[in-house]
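# Understanding the architecture of this molecule
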Amino acid sequence: MSYHATLTLQGSTRQQYNLSPTETTLIGRSPECNIVLDANEYVTVSRCHVQLQFITEAGKAAWQVIDTGTTNGTLVNGQKIKKPYILKSGDQITLGWKGPEFLFESHLLNATVVVAFPESEELPSSPTLEAPINPVKVVEPEPALSLDSIETPEVSSASVPEIETPEVPSKSVPEIEILEPPISIKEKQKPPSPTVVAPSPSLPIQTREEKTEQTLWNLVTLREIEQIAENGVNAIAFSPDGQTLATAGADKLIKLWNLATKEEIITLSGHKLGVNAIAFSPDGQTLATAGADKLIKLWNLATKEEIITLSGHKLGVNAVAFSPDGQTLATAGADKLIKLWNLATKEEIITLSGHKLSVNAVAFSPDGQTLATAGADKLIKLWNLATKEEIITLSGHKLSVNAVAFSPDGQTLATAGADKLIKLWNLATKEEKVSLMTNHRLSIHSLFFSPDGQMFSSSGEDKTVKLFYSQTGEEYLSFSIPSSQLRVLAISPNGQILASGSQTEAVRLWIFSLN
């Protein structure tokens, strides 16, 4: 069994955090905590106030909360806890006297850990794997809790708020290593619900699920099948038919690759500086490239020749996108400008301005009526493409916004950036639906939805790729890409191949399938 859990900070500004079953989550005022609280707002909260962790014992599994020996204590459902406490979905956790309140919610899934098999072999019906749990360093003031002994909370007898006194972490919160025993998890013939597995550094990642009423992003296998473009890249893109991969990098070159043979088709040259962005037209006949030389180039993919060079940006161009009907190209750059181009006449239609710093990302809505742009000014702007006017500016990110993506139904916009947050926006109301603390350790640079829109994925410079449920924002799966720095990510249109790359290493191709 595996519990996927979330904590939601209550109050006027609701903030939701995903809890990882493989990590201990520390909450407090210290910058070293996983969830950092404002020291000025929450004066009764200790530097490392409380920890939450997923535990297993004798075939049982649960989430527990532990007060780290603080002066002002921790309350669950209004009652002060004195030892590790097993949480139930819906529990209210309060830190200190009248401190911040968190709503704990958990969702039980049947988990299966399996290994990757060669393509020629069938998956056995009931594999069993002993999956060792990695050692986790946690803050543990008292002995580990037995799941057979669940605390009955005691009502605090204090009638006067306790005032926090300075704490000495080395004495009151000693750090120890806890090693948990291996867990044997067996796969059932017909699991009744989606099966998932947390990443293991030593094994390929696999999950399996039966078809349910909702189609989920089902990773059957994930294994590296090829390495190409050994000089490193700034951008990668799949052709609409999934047969060709385009790569571009600081070497000023664009390369086209045959995905059936994994061989280079041709190298396109003409940019004077590094190429930052590439995109295929919806019909697959044209490739657009943009670079630090301020230029956009269009290429005929039948003849492999340049069609035209578009100029007008004053600084490097960071992003390109084709409209769904293939008639318009949007470009955005470090000059804070967005330009729309008529692809029939190869002329500029209009320049959109409003961002205060470099524009990092552009995306068309599925119906082609709205353009979303995001920039280093922490802002997202929506533009009406019929009137060529700004609809609204969405704010809330704390640092540069690097990625935007529309859901396939056009009802939700996902944004992500250097603040390690993902925000989902309701496009009908133009309001934020949820803000996700993703557990990415570094900046997020890529976002994309699954073809059915049920899930979306993020990737970041911390070399991790994460999958989330679109409706709830709950994390479904996380895995690591072996790379010195994961910089770019793309998925084939049929959802079977993942391409990852960095500025210094080869592009890696991974095979996996969607349900």
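Residues numbered from 1 in each chain as written. Predicted model: local features only at pLDDT ≥ 70, side-chain atom pairs only at ≥ 80, totals over all residues. Heavy atoms only, no water.

Attention now goes to the overall build of the protein chain. A tally of regular secondary structure across the protein chain gives one helix and 43 strands. Looking at the protein chain as a whole, 51% of its 515 residues are labelled buried. Pairs at least 24 residues apart make up 47% of the contacts formed inside the protein chain by residues separated by at least 6 positions. (Helix = DSSP H or I, 4+ residues; strand = E, 2+ residues; numbered from the N terminus. Buried < 20%, exposed > 50% of the residue type's maximum accessible area, 1.4 Å probe, protein only. Contact = heavy atoms within 4.5 Å.)

Moving on, we come to the environment of Asn439. The topology assignment puts Asn439 in the loop between strand E36 (431-437) and strand E37 (444-449). Given the relative accessible area of 17%, Asn439 is considered buried. On a C-alpha basis, the gap between Asn439 and Lys420 in space is 7.6 Å, while along the polypeptide they are 19 residues apart. One polar contact links the side chain of Asn439 to the main-chain carbonyl oxygen of Asn18, over a distance of 3.1 Å. (Polar contact = N/O pair within 3.5 Å; in protein donor to acceptor, adjacent residues only side chain to side chain.)

Attention shifts here to the nonpolar core. Counting 24 residues, the largest nonpolar core has Leu7, Ile27, Leu52, Phe102 and Phe104 as the members making the most contacts within it. If you list the elements that add at least two residues to this core, you get strand E1 (2-9), strand E2 (15-19), strand E5 (50-57), strand E6 (60-67), strand E10 (92-95) and strand E11 (101-109). Leaving out residues up to four positions away in the same chain, Ile27 has contacts with Leu7, Cys33, Ile35, Leu37, Cys48, His49, Val50, Leu52, Leu95 and Phe102. (Core = buried A, V, L, I, M, F, W, Y, C linked by side-chain atoms within 4.5 Å.)

Right, let's talk about the side chain of Ser239 for a bit. Structurally, the position occupied by Ser239 is in the loop between strand E17 (235-238) and strand E18 (244-248). A distance of 3.4 Å separates a polar atom in the side chain of Ser239 from the backbone nitrogen of Gln243. Setting aside chain neighbours within four positions, we find Ser239 in contact with Thr244, Phe280 and Pro493.

Enumeration according to the criterion identifies three aromatic pairs in this entry. When the ring of Phe449 is compared with that of Phe456, the centres are 5.7 Å apart and the planes differ by 50 degrees; the resulting orientation is tilted. This pair shows no difference in class: Phe449 is buried, exactly as Phe456 is. Centre to centre, the rings of Phe456 and Phe468 are 5.1 Å apart; their planes meet at 15 degrees, and the pair counts as stacked. With Phe456 in strand E38 (residues 455-460) and Phe468 in strand E39 (residues 464-469), this pair connects stretches of sequence that are twelve residues apart. Look at Phe456 and you get buried, because its relative accessible area is 0%. Grouped by ring-pair contacts, the aromatic residues Phe449, Phe456 and Phe468 constitute a single cluster. (Phe/Tyr/Trp six-rings, centres within 6.5 Å; stacked < 30°, edge-to-face > 60°.)

As summarised here, the arrangement of the four strands in space is E37-E38-E39-E40, forming an open sheet in which the pairing is antiparallel. The sheet is open, and its two borders are formed by E37 and strand E40 (475-480), each paired with just one other strand. Each strand axis lies, on average, 15 degrees off the axis of its neighbour in the sheet, ignoring direction. One ladder, built from five bridges, connects E39 with E40; its direction is antiparallel. Bridging from a neighbouring strand, Thr464 pairs with Ser480 of E40. (Pairing = 2+ DSSP bridges. Axes fitted to C-alpha atoms, helices over the stretch in contact; angles between N-to-C directions.)

Applying the stated criterion across every chain yields a total of seven salt bridges. Here Glu264 ties to Lys255 by a salt bridge, and the two come within 3.5 Å at their closest N and O atoms. For Glu264, a relative accessible area of 37% gives the class partly exposed. The salt bridge partner of Glu390 is Lys381, with a shortest N-O separation of 3.3 Å. (Salt bridge = Lys/Arg side-chain N within 4 Å of Asp/Glu carboxyl O.)

With that out of the way, let us pick up unusual backbone geometry. In this model, Lys430 sits at a positive phi of 60 degrees, which is unusual for a non-glycine residue. Looking at where Lys430 falls in the secondary structure, it is placed in the loop between strand E35 (421-426) and E36. The exposure class assigned to Lys430 is partly exposed, which follows from its relative accessible area of 28%. The phi torsion at Lys463 lies on the positive side, around 70 degrees, for a residue other than glycine. Along the chain, the position of Lys463 falls in the loop between E38 and E39. Taking relative accessible area as the criterion, Lys463 reaches 30% and is therefore assigned partly exposed.

Relative to the helices and strands, Arg29 resides in the loop between strand E3 (25-28) and strand E4 (35-36). Taking the C-alpha atoms as reference points, Arg29 and Tyr42, separated by 13 residues in sequence, lie 8.1 Å from one another.

The next subject is the sheet that holds E5. Spatially, the five strands line up as an open sheet ordered E4-E3-E5-E6-E9, and their pairing is mixed. Only two strands of the sheet have a single neighbouring strand rather than two, namely E4 and strand E9 (85-86). As judged from the two bridges shared by E6 and E9, these two strands associate in the antiparallel manner. Bridging from a neighbouring strand, Gln64 pairs with Ile86 of E9.

Residues with a pLDDT of 70 or more make up 73% of the protein chain, whose mean pLDDT is 76. Across residues 109-223, confidence stays below pLDDT 50; counting only partners more than four residues off in sequence or on other chains, it has 239 contacts. (pLDDT = per-residue confidence, 0-100.)

Moving on, we get to the pairing of strand E42 (residues 497-501). Counting buried residues in E42 gives five out of five residues, a clear majority hidden from the surface. Burial along E42 is two-sided: Ile497, Ala499 and Gly501 facing one way and Leu498 and Ser500 facing the other are all buried. Pairing of strand E41 (residues 488-491) with E42, which is carried by four bridges, proceeds in the antiparallel orientation. In the sheet register, Leu489 faces E42, and the bridge partner there is Ser500.

Using the criterion set out here, one finds zero disulfides in the structure. The thiol of Cys33 is not disulfide-bonded; the next cysteine sulfur, from Cys48, is found 3.9 Å away. Accessibility expressed as a relative area gives 6% for Cys33, which makes it buried. Residue classification places Cys48 among the partly exposed residues on the basis of a relative accessible area of 22%. (Disulfide = S-S within 2.5 Å.)

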